[in-house]
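Tertiary structure, described
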Amino acid sequence: MRLRPLLTLALLTSLACASPACAQSTPEALAGALQAAARAGNADAYRQLLRVEGTFAVEGPNFAADLGRVPQPTAVFQFSNLSDLNVVGDQARADLRLNWERQPGQISRVTLPVTLFRAGEVWRYGGETWKALDAGKYSLLALDVLGLPERAAATAPLLPQAAARVRETLGLEMPDAATVKVYPDMVTLSASVALSLQPVGGWNEPGEAIKLVLPASANPGQELLRVLSHEFTHLSVSGAAGQGRDKRIPWWLHEGLADFVARAYWTPEAAESRRKRVAGYAKGDWVPLSELADFNAVPENRWTFVYAQGLGLVEFLAVTRGKQAPMQLALAFAETGDADRAARALGLSSFSDLETKTRTWLAAR
């Protein structure tokens, strides 16, 4: 049988890396294979180039899945410092230089310290290189770049404070095994999550580490508590919902609950700005919550609606139906996956009834 001569890059990559036997015999070859898979949007090929363990066992495949949804045809993967590559046992450290055009005309560039693994003649990518910090029962890791681990150590005493805020606000306990990873800036953090992701200051998905940026503000403790309590809420809500069931909770409700907890660390100016914004949305610019339910389907220009409207609905429930009502709604979504049934669990006739009452209440504040 003859193959057609014009094969797409995706098909070529798939044929070349169709099994774990796809051997990259040098780090340079590994970088080239990662780049080819990213450009083709070949998530399976990218996953086969990974050595996964710890939280990277979830983070690496999730990164690959995003490439499958949003290929990166301009991505450049390059390992530097290879002339000084020091292999200790089965691993070595290198710097991964990443360049990509996240949006047309918007070039992003980061350099990440990473770990490479060699098994026989095969090299695989193992994610970023970390420096472990003392944080009691939590696992606190700082990206191993100059000066960051020393500055990130101040995060450790804030972890139990953020966990206590989640417990006091929602009645949820943080898992003792929580892992927190600290990055130097938003672009670097986002590049570790997905090349399609806009720069963000915090991140968490089930099975992944909590990722955050060490702030450079005049009051970093307050800023860290805001981000930590927000991301700790995500982790705790997902745990309460149960594995897999947390995905039934709409994105706007995840973010609304997280901001409901984190607002304790907002400045008065930030709180007032959010109140005015959501009141304005309620009066005329409201986006139906059904259109804000799936993170992967919501365009970036609507993210502000997700956070503002989500918090507005959570505040409405907490004030009018009691402190436990927001989590009751979240758990009802996790149980049923159906908006009307979730609303009826709180005594409302339908989700439309809940949304209408929320808008009326927010517009009047």
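Residues numbered from 1 in each chain as written. Predicted model: local features only at pLDDT ≥ 70, side-chain atom pairs only at ≥ 80, totals over all residues. Heavy atoms only, no water.

**Quick look at the sheet that holds strand β9 (residues 210–213)**
The strand order across the open sheet built from five strands is β5-β6-β7-β9-β8, with neighbouring strands paired in mixed fashion. Two strands close off the open sheet at either side, each with one partner strand: β5 (130–133) and β8 (202–203). Sheet topology note: the β5/strand β6 (residues 139–143) ladder contains four bridges and is antiparallel. Considered in β6, the bridge of L133 is made with L140. (Pairing = 2+ DSSP bridges. Helix = DSSP H or I, 4+ residues; strand = E, 2+ residues; numbered from the N terminus.)

**Concerning the sheet that holds strand β3 (residues 106–119)**
Read across the open sheet, the four strands follow the order β1-β2-β3-β4; overall the sheet is antiparallel. Of all the strands in the sheet, just β1 (76–80) and β4 (122–128) have a single pairing partner and so form its edges. Ignoring which end each strand starts from, the neighbouring axes of this sheet average 35 degrees apart. Two strands pair when backbone bridges link them, and β1 and strand β2 (residues 91–103) are joined in this way by five bridges, in the antiparallel orientation. (Axes fitted to C-alpha atoms, helices over the stretch in contact; angles between N-to-C directions.)

**Comments concerning the nonpolar core**
Y46, F79, Y125, F232, W252 and L329 are the most contacted members of the largest nonpolar core, which totals 113 residues. If you tally residues by element for this core, the top one is helix α11 (residues 303–321), at 10 residues. Contact partners of W252, with chain neighbours within four places excluded, come to L289, L292, A293, V306, G310, L313, L329, F333 and F351. (Core = buried A, V, L, I, M, F, W, Y, C linked by side-chain atoms within 4.5 Å. Buried < 20%, exposed > 50% of the residue type's maximum accessible area, 1.4 Å probe, protein only. Contact = heavy atoms within 4.5 Å.)

**A look at the packing of helix α8 (residues 220–241) against helix α12 (residues 325–336)**
Two quantities define a packed helix pair, namely the angle between the axes and the distance from one axis to the other. Put simply, α8 and α12 touch, their axes get as near as 9 Å, and they point 50 degrees apart. Viewed along their axes, α8 and α12 adopt a mutual orientation that is oblique. Crossing hand, α8 versus α12: right-handed. Between α8 and α12, the contacting residues are V237, A240 and A241 on the first element and M327, L331 and A334 on the second. Broken down by class, the residue content of the contact of α8 with α12 amounts to six nonpolar, no polar and no charged. (Parallel < 35°, antiparallel > 145°, perpendicular 65-115°, else oblique. Left-handed = near helix turned anticlockwise from the far one by under 90°. Nonpolar A, V, L, I, M, F, W, Y, C, P; charged D, E, K, R; others polar.)

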